[in-house]
Amino acid sequence: MAAEQPSEVEDAVGYFLQDMTYHGKSDRTRDAYERVLREFEAFLGNPSQNPTGSATAVEDASHRDCMAWVHTLRNRDVTPSTVATYASYLHRFYAYMAQIGVFDSNPMSLVVEEMDERIDTNPARREVSVPEMRGFVRQIRHPLDHALVVTLLKTGMRVGELCNLDLRDLSLSVDEPLADVSTRAALDGRGPSIYVSAEPSVGATSNGEERTASNKRKRSTVVPVDDELETVLLRWLAIRPDTTSPAEPLFLGTASGWGTRLTPDAVHHVVTARAADFGWYRKGGDREENVTPHYFRHFFTTHLRDRTGDRGIVKYLRGDVGGDIIDTYTHNWGDRVRETYESNIYSLL
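Just so we're clear, the structure is a prediction, and the values are computed from it rather than from any experiment.

Let's shift gears to the pairing of strand β5 (residues 221–224). Side chains of β5 alternate between two faces, with T221 and V223 and V222 and P224 buried alike. Bridging between strand β2 (residues 193–196) and β5 involves 4 bridges; their strand directions are antiparallel. Counted as the bridge partner of I194 is V223 from β5.

If you want it as structure tokens, here you go:
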């Protein structure tokens, strides 16, 4: 029997999903695509929803059909990032089918260009809700582990940036824990906050200590510390070991490497061990399945962006912008950044 040719495909969605398997995509990724594509297929087959007033096959869908489907997603309880992610599935489906000659064109091209929402770069990533993350955080009892996880989740910083924090980079409303520390001038008048520098790099000496990690920010950033994070950091500072480092690192080892600055590998081990206990990390699992420190940055970005609707502030907090944009946010930090952050940051305790 001759092999099926693309032009003879009867079930375009099924054909695409089968090719995904051949291309080595994980079952989790394939299942995510199947769920969305079949939903779109059902939408086209429902005359009451379709703009044409009649059932339409997937291969015959126009850009107006695609726009109408995106519109229905926006009218449901679907976050902007999820709308963009689902649109990306459809875009990739049509682009692939057009490339191999099954479809004549990709009706999603124009739709995606005009969308305000931004596509999640890893659409098959595990989805964790705020209540689920809260349950994860609450079961962590060790003050250091708890402080590491909450700081990553509340600030969206990279694990290397976390490891490079010194006591001088922290300002709290309670003076006593930092009474002997000269904090950075950039923190003056900011209230409880953390200064994330763009300068440290692997092998370079910063604040009197050679660094084992690099910060990747385009510009240094001041990130607000809310009441929850301040409580967690005060608990950690109460038991923080003494150190011989002139830099006075914020986070130090309490087991092996006692009193020395934590490395990214050490923080990664803490997070993945805790995630494994919670069923969120499996050795040998793919990046979409496992929760790691980098996942916390994704969690912060997704949930804060969806709550605020302000991509500029989220990009500022992540350290992804430079030049005039970051200067604007720095100038209006109290009125714009802190107010927006404190009004929208999720509760974890």
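Next comes the rest of the description.
This paragraph deals with the packing of helix α7 (residues 143–155) against helix α11 (residues 293–308). Axis angle and axis distance: for two packed helices, these are the angle between their axes and the distance between the axes, and together they describe the pair. In contact at an axis separation of 7 Å, α7 and α11 are set at 35 degrees when each is read in the N-to-C sense. Residues V149, L152, L153, K154 and T155 of α7 form the contact with α11, whose own contacting residues are P293, F296, F299 and F300. Considered class by class, the residues forming the contact of α7 with α11 number 7 nonpolar, 1 polar and 1 charged.

Among the nonpolar cores identified, the biggest contains 57 residues, and M133, F251, F296 and L317 are the most heavily contacted of them. Element by element, the count of residues in this core is highest for α7, at 7 residues. Among residues more than four places away in sequence, those in contact with M133 are V128, L153, W280, Y295, F296, F299 and L348. Core analysis: the next-biggest nonpolar cluster, separate from the first, contains 37 residues, L73, Y89, M97 and V111 among them.

Here we come to the sheet that holds β5. Ordered by their spatial adjacency, 3 strands build an open sheet running β1-β2-β5, and the pairing between neighbours is antiparallel. Each edge of the open sheet is held by one strand with a lone partner, namely β1 (170–171) and β5.

Another aspect to go through is the pattern of salt bridges. Evaluated as defined, the whole model comprises 19 salt bridges. Notably, a salt bridge pairs R38 with E41, separated by 2.9 Å at the nearest N-O pair. Remark: E41 and R38 occur in helix α2 (residues 27–44); sequence separation between them is 3 residues, near one turn of the helix. You can call R38 partly exposed: its relative accessible area is 27%. Between E39 and R76 there is a salt bridge, and its shortest N-O distance comes to 2.7 Å. One end of the pair, E39, is in helix α2; the other, R76, is in the loop between α3 (63–75) and α4 (80–99), with 37 residues separating them in the sequence. By relative accessible area, R76 is classed as partly exposed at 42%. Within the structure, one salt-bridge network assembled from shared partners comprises R158, E161, R217, R297, R318 and D320.

Here we come to the confidence of the model for the protein. The predicted model of the protein has a mean per-residue pLDDT of 87, with 89% of residues at 70 or higher. Of all secondary-structure elements in the protein, the lowest mean pLDDT belongs to helix α13 (residues 323–331), at 64, while α7 reaches the highest, 98. This model gives residues 1–5 a pLDDT under 50, and the stretch forms 3 contacts once residues within four places in sequence are excluded.

Position of N290 among the secondary structure elements: in the loop between α10 (264–277) and α11. Of note is the side chain of N290, whose polar atom sits 2.7 Å from the backbone nitrogen of R282. When near neighbours in sequence (up to four residues on either side) are disregarded, N290 contacts W280, Y281, R282 and G285.

Before going further, it helps to spend a moment on the packing of α7 against α10. Between α7 and α10, the shortest axis-to-axis distance is 10 Å and the interhelical angle comes to 90 degrees. Relative to α10, the element α7 is oriented roughly perpendicular. Contacts from D145, L148, V149 and L152 of α7 reach α10 at V267, V270, V271 and R274.

By the alternation rule, side chains of β2 split into S193 and Y195 and I194 and V196, which are all buried. Pairing geometry for β1 and β2, over 2 bridges, is antiparallel. For S171, the partnering residue across the bridge sits in β2 and is S193.

Here is what the cut-offs are and how they apply
- Residue positions are counted from 1 within each chain, in the order its sequence is given.
- Where local features are concerned, this predicted model is filtered to residues with pLDDT of at least 70; where side-chain atom pairs are given and counted, the filter is 80 or more; whole-chain, interface and lining totals use all residues.
- Just so you know, side-chain values use all the structure's heavy atoms and leave hydrogens and water out.
- Burial here depends on accessible area, computed with a 1.4 Å probe over protein chains only, as a share of the maximum for the residue type. Under 20% is buried, over 50% is exposed, and the range in between is partly exposed.
- The secondary structure listing takes helices from DSSP runs of H or I that are at least 4 residues long and strands from runs of E that are at least 2 residues long, numbered from the N terminus.
- Note: two strands are recorded as paired if DSSP finds a minimum of 2 bridges between them.
- Interaxial angles span 0 to 180 degrees and are taken between N-to-C directions of axes, which are lines fitted to C-alpha atoms, for helices over the stretch in contact.
- Contact criterion: two residues are considered in contact whenever any of their non-hydrogen atoms come within 4.5 Å of each other.
- Think of it as three bins: nonpolar holds Ala, Val, Leu, Ile, Met, Phe, Trp, Tyr, Cys and Pro, charged holds Asp, Glu, Lys and Arg, and polar takes everything else, Gly as well.
- To define a nonpolar core, start from buried Ala, Val, Leu, Ile, Met, Phe, Trp, Tyr and Cys residues and group those joined through side-chain atoms within 4.5 Å.
- Salt bridges are counted wherever a side-chain nitrogen of Lys or Arg sits within 4 Å of a carboxyl oxygen of Asp or Glu.
- One number per residue, pLDDT, summarises how confident the predictor is, and it ranges from 0 to 100.
- Within 3.5 Å is the distance limit for a polar contact, defined as a pair of N or O atoms, with the added protein rule that one can donate a hydrogen and the other accept it, and that residues adjacent in sequence qualify only through two side-chain atoms.
- An angle counts as roughly parallel when it lies under 35 degrees, as roughly antiparallel when it exceeds 145, as roughly perpendicular when it falls between 65 and 115, and as oblique in every other case.

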